[in-house]
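Take a look at the letters that make up each chain.
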Amino acid sequence: MLIAVVAATCRVSAQETGREIGYVESFDKKANVFVLHRGGQTLPIDALTPVRTGDRIEVLDATAKIVLRLVNRATPVTVSRGNLDTPLTDPPPAHPFWTPTIAWAASQIGKLDRDDREQVAASIRGSASGGAVPLLALAQTLPAGRQSLSIGWIGTAPAEIRLQGPDGKDVTSGQGTAGYWFSPMLDLAPGDFVIEVKIGATRVRQLVTVVPATSMPDISPDLKQDGLPEPLRELATAAWLAARDQRFILAAFQHVAPFARDSSPAKLLARSLVRGERPLPPG
Amino acid sequence: MGARECCRVRFSDQGTALRLPGQIRAFRERNPKLFEIAVSILACTLIQIALLASQPSSSRFVRRAADNAADQMIRLSERTNGSLKGSPKFTFFSIDDATYVAWGAHQIAPRGRIKTILERVARSNPTAILLDVDLSYTDSGDASGEASLRDFLGQYPAAAPPLLLVRSLYHDAAPPALPRIRATSYDDQTAAKPNIIWGSPLFERDADGQVRRWRLFVQVCAAEHPAVLPALHLVGAIIARAQIEGEDREQAAASIPRQLASFGADSCARPTERSGEIAPKRGELPAISVDHLDVSSRVLYRADWNASRIALGGDIVSTDGQTPLVAVRPAGLVSSGDSTSPVPGLDGRIAVIGGSFADSGDWYSTPLGRMPGAMLLINAIEALTINGTPREPNVVEAIAISFVIIVMTSVLAAFFRPIVAAPLAAGGIFLIMLISLPLFRSGVVVNLAVPAVGAAFYDLGATLVEKYHQLRSLGWKFVLKPPASIDMEPTTLEASGEGAGEPT
C-alpha cells in the first residue's frame, strides 16, 4: 500500500513534507508484515506509530490489514493489499486565516453561534456529600463464622465504616469508595453488633445480629446441587435469601458483592440490594 | 445621536447661562462638529481616568466586559492557529467512552490499567508524564491493581521522566481555614522520589460557569503547619521551560518547593495574600509571577476539544517536521499493549493521561467550549510555558489603544446616526482585535473594557442630561407620552429656521 505515493509526494510542498497526519490504530497478523517507508528509511510499525505525509506503508501479506486514524478522516481507514497502489492522498490539515476570522466575526452577532449546553446531575462527584444506606434501613441478621463483611451504599462519595462488637469495642473499620467496602477477614461470633456508616455529614448506625449458621434460613436444596458454577450459586442464594425477609438483605449482599465487579447479573442484584430493593417472595 | 443633538441644543439655548469663554464660543460656532467631537473625547477620557483611579477591575461590570473581550480574542486566536514555534508538544492519552466501557465502566479507574499505561509511557522518553486521575480513592475490590500500581510507583526509577500526580484537598474546619492534603495509599512509596511530584489541578470558575483562570499554587495545612502545594500546570510549565532552555528537568521540578516557599500562609487559620515572581524571564520565555491583577491569572486557551479529532490546536514547527500541538490517542490502545514496550511517537512530548468519557464528571465550560479537565491542564501548561503570566500592555500602549477607541467612537457618533455608528464602531473594535492578535498571542491582554465602559458611561450621562432638560421644560407633562406630530429633534427645527420646541 502506498500512502501519499510519488504523485501525491510531488504535490506536497517542501514545507509540508514530514507533517504528522495520523497514527496506526491497529493491525492483524504480526507487525513485521507491514513496513513503513519514510524518506528512504525503513521503519517498524506498531500500534500508535505516527504517520507523516510522504510515508509509504507496504503490506507484505495478502490477507493482512492495517487500520489508520488520519486527521482529515472522521472514521478509521483500512489498508490492505486489496487497495494496494490506490493513492490515499491526505493533504495536511490547512490552517487558513481569513475564513475562520470571518466566521468568528459573524459569530459575534450570535447568528452562527450555538451555546453549549450540557446535562448536569445535581450531585457532586467524588466529594463528601451525604449518601444513603438503604441496606441498613432495618436491623439485619448475619450468620456467624469467618467472613469478609461487605457494605454498599448509594452514591460514589467515600464512606467511613466501623463495626462495633457486643462489648462496644471496634472489631474493624475502614474507608470505602465508589459505593462498596470490603472488610478484612473476620471471625464473627454470635452476638449483637453495631455497624456505623458515615458519609459526609450523614451517619447511619444499625444493629446487626450475628446468629449461628444453623439459625439462618435453610438454603433451598436446588442451590446445593453439585456442578452449579459458584457465581451462579451465590447469585441465586442471594436472591433467595433477600426474598425470604428484609432482615436478610445484608446477608444476601454478602453472597453477591464479591462477584459484582466481574459479573453483570451479580452487579445488577448487588445494586438493587444496595438500594434496599429485594425480590418479592413467591406467593 | 440624540444625546449629542441635545447637548448642541443645550449649549445654544443656554449659552448665556454657561457663559463659555469667548474663544471657545467662537470655535464652537465656527466648527460645531469638531467642538462636539472634542467634548466627547474630553468627557470619555475623564470618565476613563476616573474608572482607572477607582480600580475598576474589582467591579463586576467592568470585569465582565474585560472577560468578554478576552474570550473573543481567545476564540479568534484559536480559530486562526497556524504554525506555532517553541511551544511544548502534548499527547493526551484519553480514557474515552470506548476505553471506559472496555475497562468495565468502573467508577474508579482500574489501577492495573493505569499502571500499564504509566509503565509504557515512562519507557517512551516523554518530557514529563501527568496523570490526571485522583489516586486518593481506593477500590477495595481491585486489590491486585492497587498493589501493582503501588509497586510501580515504589520502584519508579530515578532516571525516569518526571511524573506529576493529582493531590486532592479537603476541609476539616470551615473556611477560611486552609484545606488539608488528602492522603493516598501511595504516599509512602512516592515520598522519597524526587521525580514524582504531587500537585493541585485547581482552577477558578466564574459566576457564568466558565473556567477562565488558574491558580498557580494553593496554601494548605500540613501537619498543623502552613505549606504550599504547587499547581500541576505550574510544575508542567517549569519542566517544559527547562526542556526548552536545555536545562535539567528534574532539578527544575525539584526547585519548585523552594521557589514557592515564600508564598505560604502565615498560619493554618486563613490564607494570606502573596505576590511575587516564581520563575524569572529566560531568553524568550517571559516570567511567571503572581500579582493581584485580574488579567494575570487568565488561561489563554490555545486548543479546544473535539472528541472526533485526533489532533488539536495548531501545528508545532520543529526540526523533525510539523506535529500537532495536542495529539489525542485512546488510552485503551496503550493499556492493551505489552507493558514492556514503549509507545511510539512520544519522544519529547508531555504525556497527559486523563478521562474524556461522558460519565467522568470532569467536564468544564471554557471560552472555547466544553472540554475535559485534562485539556484544561494542557492549555494551562502551554500558555504558562510560552506566555508566562498574562499581562496588560504598558502604559503608553494602553493609553494609545484607549485613545484610538475613544476618538473613533466620538467621530463616528458625531457624523453618523446611532444605528450606523454602532456597527461601524463594532467593526473598528474588531479591526483593533485583529491587529492586536500577535500581541495577544505573546501574552499581552489588551483591556478593551475600560474605554468601552467609558463610552457607555458618557452615553448614559448624555441621555440623563437630555431627560433632565426635557423634565425642566415640560414639568409634570414629562410623564405623558408626547404627541406623534411633535418633532423632538430641535436641530431639525433649528436647521429649518423654525423656533425650537414648536410643534410642526
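The rules behind these values
- Residues numbered from 1 in each chain as written.
- Chains lettered and ligands numbered in written order.
- Predicted model: local features only at pLDDT ≥ 70, side-chain atom pairs only at ≥ 80, totals over all residues.
- Heavy atoms only, no water.
- Helix = DSSP H or I, 4+ residues; strand = E, 2+ residues; numbered from the N terminus.
- Buried < 20%, exposed > 50% of the residue type's maximum accessible area, 1.4 Å probe, protein only.
- Contact = heavy atoms within 4.5 Å.
- Areas by Shrake-Rupley, 256 points an atom, 1.4 Å probe, with all protein chains shown as cover.
- Buried area = accessible area lost by both parts, 1.4 Å probe.
- Salt bridge = Lys/Arg side-chain N within 4 Å of Asp/Glu carboxyl O.
- Pairing = 2+ DSSP bridges.
- Axes fitted to C-alpha atoms, helices over the stretch in contact; angles between N-to-C directions.
- Phe/Tyr/Trp six-rings, centres within 6.5 Å; stacked < 30°, edge-to-face > 60°.
- Lys NZ or Arg CZ within 6 Å of the ring centre and 35° of its normal.
- Patch = residues over 30% accessible without salt bridge, like charges linked within 9 Å, V, L, I, M, F, W, Y side chains within 5 Å.

**Student:** Please set out the overall build of chain A residue by residue, giving values where relevant.
**Tutor:** Looking only at helices and strands, chain A features five helices and 14 strands. Counting only residues that meet the buried cut, chain A has 40% of its 283 residues in that class. In chain A, 60% of the contacts between residues at least 6 apart in sequence involve partners at least 24 apart. Of the roughly 15200 Å² that chain A leaves accessible, carbon and sulfur atoms contribute 54%.

**Student:** Can you explain the overall build of chain B? Please cite residues and give values.
**Tutor:** Along chain B, the regular secondary structure elements total 19 helices and 18 strands. For chain B, the proportion of its 504 residues judged to be buried stands at 52%. When contacts within chain B are restricted to residue pairs at least 6 apart in sequence, long-range pairs at least 24 apart make up 73% of them. Here chain B has roughly 22800 Å² of accessible surface; of this, 58% comes from carbon and sulfur atoms.

**Student:** Explain the interface of chain B and chain A to me, using residue names and the numbers behind them.
**Tutor:** Every contact between the two is made by 50 residues of chain B and, on the other side, 43 residues of chain A. Summing both partners gives a buried area of about 3800 Å² for chain B against chain A, and 54% of it is carried by carbon and sulfur. The largest per-residue losses of area from chain B upon contact with chain A belong to Arg79(B), Ile310(B) and Gln322(B), which jointly make up 16% of the total buried on that side. Put simply, chain B and chain A have two salt bridges between them. Among the salt bridges present, the one from Asp315(B) reaches Arg19(A), with a minimum N-O distance of 2.5 Å. At the level of elements, helix 5 (60-79), strand 14 (311-318), strand 15 (321-330), helix 13 (331-335), strand 18 (369-372) and helix 16 (418-435) of chain B are the ones that each hand at least two residues to the side of chain B that touches chain A. Among the elements that take part in the side of chain B that touches chain A, strand 15 of chain B stands out by supplying eight residues, more than any other.

**Student:** Can you tell me about the pattern of salt bridges, naming the residues and giving the values?
**Tutor:** All names here are of chain A. A full pass over the atoms with the stated rule returns 28 salt bridges over all chains. The closest approach of N and O atoms between Lys-65 and Asp-28, which form a salt bridge, is 3.6 Å. Residue Lys-65 is located in strand 6 (residues 65-70), and its partner Asp-28 is located in the loop between strand 1 (20-27) and strand 2 (34-38); the two are separated by 37 residues in the primary sequence. When the shortest N-O distance is used, the salt bridge between Asp-245 and Arg-247 registers 3.6 Å. Note on Asp-245: relative accessible area 27%, which makes it partly exposed.

**Student:** Give me the sheet that holds strand 2 of chain A: which residues, what numbers.
**Tutor:** Residues and elements named next belong to chain A. Taken in spatial order, the three strands of this open sheet run 3-2-5, and their pairing is antiparallel. The sheet terminates laterally at strand 3 (41-43) and strand 5 (56-59), the two strands that pair on one side only. Strand-to-strand twist in this sheet, taken as the mean axis angle between neighbours without regard to direction, amounts to 30°. Sheet topology places strand 2 next to strand 3; three bridges connect them, and they run antiparallel. Across the sheet, the residue bridging to His-37 is Thr-42, located in strand 3.

**Student:** Tell me about unusual backbone geometry, and name the residues and values.
**Tutor:** A negative phi angle is the norm for most residues apart from glycine, just as the trans form is the norm for most peptide bonds. With a phi angle near 80°, Leu48(A) is a residue other than glycine that sits in the positive phi range. Mapped onto the secondary structure, Leu48(A) falls in the loop between strand 3 and strand 4 (50-52). Given the relative accessible area of 2%, Leu48(A) is considered buried. Of note in the backbone geometry, Glu224(B) takes a positive phi value of approximately 70° without being a glycine. Structurally, the position occupied by Glu224(B) is in the loop between strand 10 (217-222) and strand 11 (225-230).

**Student:** Tell me about helix 4 (residues 249-256) of chain A, and name the residues and values.
**Tutor:** Residue and element names in this part refer to chain A. In terms of burial, helix 4 is largely enclosed, as seven of its eight residues are buried. Within the span of helix 4, buried status applies to Ile-249, Leu-250, Ala-251, Ala-252, Phe-253, Gln-254 and Val-256. For helix 4, the elements touching its buried residues are strand 8 (140-143), strand 9 (145-152), strand 12 (180-188), strand 14 (202-211), helix 3 (230-244) and helix 5 (264-274).

**Student:** An account of the environment of Thr214(A) is requested, with residue identities and associated values reported.
**Tutor:** Mapped onto the secondary structure, Thr214(A) falls in the loop between strand 14 and helix 3. Sequence separation between Thr214(A) and Pro143(A) is 71 residues, and the spatial gap between their C-alpha atoms is 8.1 Å.

**Student:** Can you explain the packing of aromatic side chains? Please cite residues and give values.
**Tutor:** Taken as a whole, this structure holds eight aromatic pairs over all chains when the rule is applied. Judged by centre distance (5.1 Å) and plane angle (55°), the rings of Phe217(B) and Phe263(B) are tilted. Of this pair, Phe217(B) sits in strand 10 while Phe263(B) sits in the loop between helix 12 (256-260) and strand 12 (276-279), and the two are 46 residues apart along the sequence. Members of the aromatic cluster, connected to one another through ring pairs, are Tyr180(A), Phe182(A) and Phe253(A). Seen from the ring of Phe415(B), Lys33(B) lies directly overhead, with NZ or CZ sitting 5.3 Å from the centre. If you follow Arg167(B) out to its NZ or CZ, it ends over the ring of Trp198(B), 4.1 Å from the centre.

**Student:** Outline a nonpolar patch on the surface, listing residues and values.
**Tutor:** Residue and element names in this part refer to chain B. A surface patch of nonpolar side chains, about 540 Å² in accessible area, is lined by Val-411, Phe-415, Phe-416, Ile-419, Val-420 and Leu-424. Sorting the residues of the nonpolar patch by element identifies helix 15 (395-415) and helix 16 as the ones contributing at least two each. At three residues, the largest contribution of residues to the nonpolar patch is made by helix 16. One can find Val-411 in helix 15. Using a relative accessible area of 31% as the deciding quantity, one classes Val-411 as partly exposed.

These values are about where atoms sit, not about what they do.
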